Amino acid sequence: MIIVTGANGKLGSRTVQRLLDRIPADRIGVSVRNTDSAAGLAARGVRVRRGDFADPDSLSEAFEGATQVLVVSTYTTGPAAIAHHTAAADAAIAAGAKRVLYTSHQGASADSLFAPMPDHAATERYLAGTGTPFTALRNGYYASTIPLLLGQALRTGELVAPADGPVSWTTHDDLAEATAVILADEGRFEGRFDGRFDGATPPLTAPDALDLEDIAGILGDLTGRTIRRVVADDAEWTAGLVGHGVPEEHAALLLGMFHASRRGEFAATGPTLTDLLGRDTVPIRSVLEEVVATG
């Protein structure tokens, strides 16, 4: 029995769909906060149970009978995020899971300039101390973030954002498929290396890293227009977000992403994701084609 948490979210839902391509539905369980929204999975034979990281008692039933549990990281940061992740890990181990998998990040580091990264690093340290086999999936930065960074670029011809650095943007679909492969094969992998993913994986990323100058260039090719990359002052950019109703703490969080990318925290690339997929990853050009098509 493989349990997937957050199965109504972008990554969790895609992972379950890819698992259904590989193993029988009755070997898959999902832990979701709202079971009604997972009715479609239940209709396909997936076990659906309520589980909430903020309510650890609910996880006991949600994880019952698990041999593996995929803990999909939450969108919170700081002590609350770490508490949620460790509660899920504890519940998985108490349920008898032989392996806990956790959706970490390629930039996981205690000294990262981007707030979620120390949380990932702390969760990885906790998992390492449990004595239970674990796999920390060092996922690339989600490519779905790119449209949020473009601002009015398609309208004005200027991509305005703080100074940044190269990022190995990676799609949810690719990461979900790779996660399903690892889960279905119980962590074993035959490819560039033969073995098991114990501890942190190599970077699960697209093969190249692009900065916003590169993104602007691709947008220009797709639209036939000049899209100019304009570097904004950190303080002015943050103030502009706040002026448009973004909470100050969220604006500061976003700025931290730029600080971290400048330091190269998201620039790592590697062949592991491509090896797992057995195909090329989705190119960022395809992601941007959708952005342009939807205007």
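This section reports on the structure supplied with the text. (Residues numbered from 1 in each chain as written. Predicted model: local features only at pLDDT ≥ 70, side-chain atom pairs only at ≥ 80, totals over all residues. Heavy atoms only, no water.)

1. Thoughts on the overall build of the protein chain
Logical step 1: Within the protein chain, the secondary structure is distributed over 13 helices and 11 strands.
Logical step 2: In summary, the protein chain has a C-alpha radius of gyration of 20 Å against a globular reference of 19 Å for 295 residues, a match within 12%.
Logical step 3: Its C-alpha atoms give the protein chain principal-axis dimensions of about 55 × 40 × 35 Å.
Logical step 4: Buried residues in the protein chain amount to 50% of all 295 residues.
Logical step 5: When contacts within the protein chain are restricted to residue pairs at least 6 apart in sequence, long-range pairs at least 24 apart make up 74% of them. (Helix = DSSP H or I, 4+ residues; strand = E, 2+ residues; numbered from the N terminus. Rg over C-alpha atoms; globule rule 2.2 N^0.38 Å. Buried < 20%, exposed > 50% of the residue type's maximum accessible area, 1.4 Å probe, protein only. Contact = heavy atoms within 4.5 Å.)

2. Section: the nonpolar core
Logical step 1: Val16 and Leu19 are the most contacted members of the largest nonpolar core, which has 32 residues in total.
Logical step 2: The set of elements that each furnish at least two residues to this core consists of strand 1 (2-5), helix 1 (10-20), strand 2 (28-32), helix 8 (172-184) and helix 12 (272-277).
Logical step 3: With 8 residues, helix 8 is the single largest residue contributor to this core.
Logical step 4: When near neighbours in sequence (up to four residues on either side) are disregarded, valine 16 contacts Val4, Ala7, Ile28, Val30 and Leu41.
Logical step 5: In terms of nonpolar packing, the next biggest core, distinct from the first, is built from 30 residues, Val167, Ala260, Phe266 and Leu288 among them. (Core = buried A, V, L, I, M, F, W, Y, C linked by side-chain atoms within 4.5 Å.)

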